[in-house]
Structures are given as structure tokens and as C-alpha cells.
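Structure assessment
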Amino acid sequence: MRYTRLRSFHAVASAGGFNAAAAAFHISQPTLTAQVGALEDEYGVELFVRRGRRRELSEAGRQLLTITTRLFAEEGEALAFLEQSRELRTGRLSISAVGPFHVTEMLAAFNRAYPGIELAVKLGNSTEVLDDLFDYKCDVAVLAYIDEDDRLLTIPYRRHPVAVFVHKDHRFWPRESVEIAELEGEPMIIREHGSTTRRAFEQALLAAKTKPRTIMEIGSREAVREAVIRGLGISYVSVAEFVPDPDLRLIPISNAEIYTYAHVVVLKKRETSRIVGAFLDVVRQTKNT
């Protein structure tokens, strides 16, 4: 009975309300209300608070949701294990990544090996992706940078050079390459703090004792690109992430090795999951091709 009440609470909390949960899970609203109410009464805790006509999670409710998310993620993994055949003909793998460019190749390889596995991909920044992994909201994380952590298994996957890109009216446009010292004083549009591309680029500038003139900081790769198209300055990008445009030119930096990386990351305690293990096997094979 307590398990049923916990599941009802999780359905309401994750769906964002009693009506939404009733529609999503095909359970009557009175049943959900009764189950959640019984859970609150049994333990003398308020899991939802009323805000006008809405009921929102209390602090206790938010903490319980964190626990039930882990609980039902583990249950889902157990059921998937029991339901899947030895050949992994069915199942679902969720992936959180910092960008689509890092995951496309590995997803294509996994899909060829296991076409019956459903793949769900969510994009976010590094913090969001790691939070998803630790909160059991994804099975695999794909990150450009990762600190050492005993809880994590990390597989380096790819590295991509970083280059500058300029508008067609810029003096660098005819060039096949530039040296990093030539960026001294150049009007530069930069990415937000926390961008791994920015970190790699700034480390190279520091080593070369070169300082461009920052004119704008933008927290979106697409917005940086648009700013350069409008001739506001030059910028930098991982070659794998560059989107061509008639008004843009990608120019390598000839005398500096600047790279971004793709790392595949899972929780160590989940690497024995059959579906996660199958994905890691494909990643190891693909990264060596």
C-alpha cells in the first residue's frame, strides 16, 4: 500500500499537478488525491501546499521527489533488465549532452547495433547534464570537460580543434590561417563563463601572452554566430560545431594547438547495467575507428 501511495505521489509531483498526473497516467484524480492524502496522514507530513487554486510541492515534497526519482529509476532499470532479451531487442536509453555535435556519431553507431533500443537525447549545459546523471534522469552523459570523480566512469571519445571565424569584410577573410599573436587587440565576441571552448581558447591566449579586445559576451553558440555575421567582431568555435554561412569563414590557428573534447560519462555503479554496458562497448569501438 505504501508503495502505491509513493507511486501516486511521484506521478503527481513529476507531472506538475493532480490533473496532469491523472491525464498522463490514466488514473482518476480522486484516487490520486486519496493516495497522496493517506501518505501525508500516515507520516504527518505536508507534501503539497496550496497556492491560490494550485497545489505545489512543499520542501518535504521536493526532498521526497528526489528520493522517489531514484527509486523509480532503479525500478525501471530492473524491469528493463527483466523484459529485454539477451540481444537487447527492446529498451530505452536516455542521454544528456552539452551539444548535438558530440553525440550524433555514437548514437548512429549504437542505433545500427541495437535498432530496437529507443534513444532519448536531452541537451543542456555542463551543470545540467551532470545533475541529470546524478539524479538518475539520464543513463549517459556526454560532456566536453569533466573533473575527476570517484563516482564516475569517464571515456575520452573525440577531440576537435578550435579555430576562429570571421565576417567576409574582415581583413582575415582571404587568409588560409592566422597566428595566435595576430589576435592581439582584435574585437572578439566570446562565450559565457563555463564554456569549455572559451576555457581552452583563453588558456592558449594566456600562454601566447595575447589579449584580444572583448566587446561582447554571449551565452549561446547560435547568438555568437549571428553577431559575427553582422560584423560585430570575430569569434572562435570548435571545428566540429561550425555551421557554414556564405558570410563566414573558418580560419585555423597555425601555431597553437587548441582543442575541445567529448567525454562519455556514466555512474560507476550503473556501468554493469546491460543497456549502459552495451552503449559503452559501442563507444569504445567507435572511438577507435
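**Looking at the packing of aromatic side chains**
Scanning the model with the defined rule gives eight aromatic pairs in all. Here the aromatic residues Phe9, Phe18 and Phe48 are joined through ring pairs into a cluster of three or more. Positioned over the ring face of Tyr259 is Arg159, at 3.9 Å from the centre of the ring.

**Concerning the nonpolar core**
Of all hydrophobic cores here, the largest spans 25 residues; its most connected members are Leu93, Ile95, Val264 and Phe279. When contributions to this core are tallied by element, the ones reaching two or more residues are strand E3 (92-97), helix H5 (100-113), strand E5 (140-143), strand E6 (152-167), strand E11 (259-267) and helix H9 (274-287). Take this core: its biggest share by element is seven residues, from H9. By size, the runner-up hydrophobic cluster in this structure holds 18 residues, among which are Ile180, Leu205, Ile234 and Tyr236.

**So, helix H6 (residues 126-134)**
Turning to H6, its buried residues number three or more, namely Val129, Asp132 and Leu133. The arc that holds the buried residues of H6, viewed along the axis, is 100°, so those residues lie on one side. Buried residues along H6 sit in contact with E3, strand E4 (118-123), E5, E6 and E11. In this structure Asn125 caps H6, since a side-chain oxygen of it lies 3.1 Å from the backbone nitrogen of Thr127. In the stretch just after H6, Tyr136 is the one whose phi turns positive, near 65°.

**Some remarks on the confidence of the model for the chain**
On average, residues of the chain score 90 in pLDDT, and 97% of them are at 70 or above. Highest mean pLDDT in the chain belongs to strand E10 (residues 248-251) (97); lowest belongs to H5 (86).

**Some details on unusual backbone geometry**
Phi angles above zero are rare outside glycine, and His26 is one such case at about 55°. Turning to its location among the elements, His26 is positioned in the loop between helix H2 (18-25) and helix H3 (29-43). Not every positive phi belongs to a glycine, and Lys209 is a case in point at roughly 55°. Inspection of the secondary structure puts Lys209 in the loop between helix H7 (196-207) and strand E8 (213-218).

About the cut-offs
Residues numbered from 1 in each chain as written. Predicted model: local features only at pLDDT ≥ 70, side-chain atom pairs only at ≥ 80, totals over all residues. Heavy atoms only, no water. Phe/Tyr/Trp six-rings, centres within 6.5 Å; stacked < 30°, edge-to-face > 60°. Lys NZ or Arg CZ within 6 Å of the ring centre and 35° of its normal. Core = buried A, V, L, I, M, F, W, Y, C linked by side-chain atoms within 4.5 Å. Buried < 20%, exposed > 50% of the residue type's maximum accessible area, 1.4 Å probe, protein only. Helix = DSSP H or I, 4+ residues; strand = E, 2+ residues; numbered from the N terminus. Arc of directions from axis to C-beta. Contact = heavy atoms within 4.5 Å. Polar contact = N/O pair within 3.5 Å; in protein donor to acceptor, adjacent residues only side chain to side chain. pLDDT = per-residue confidence, 0-100.

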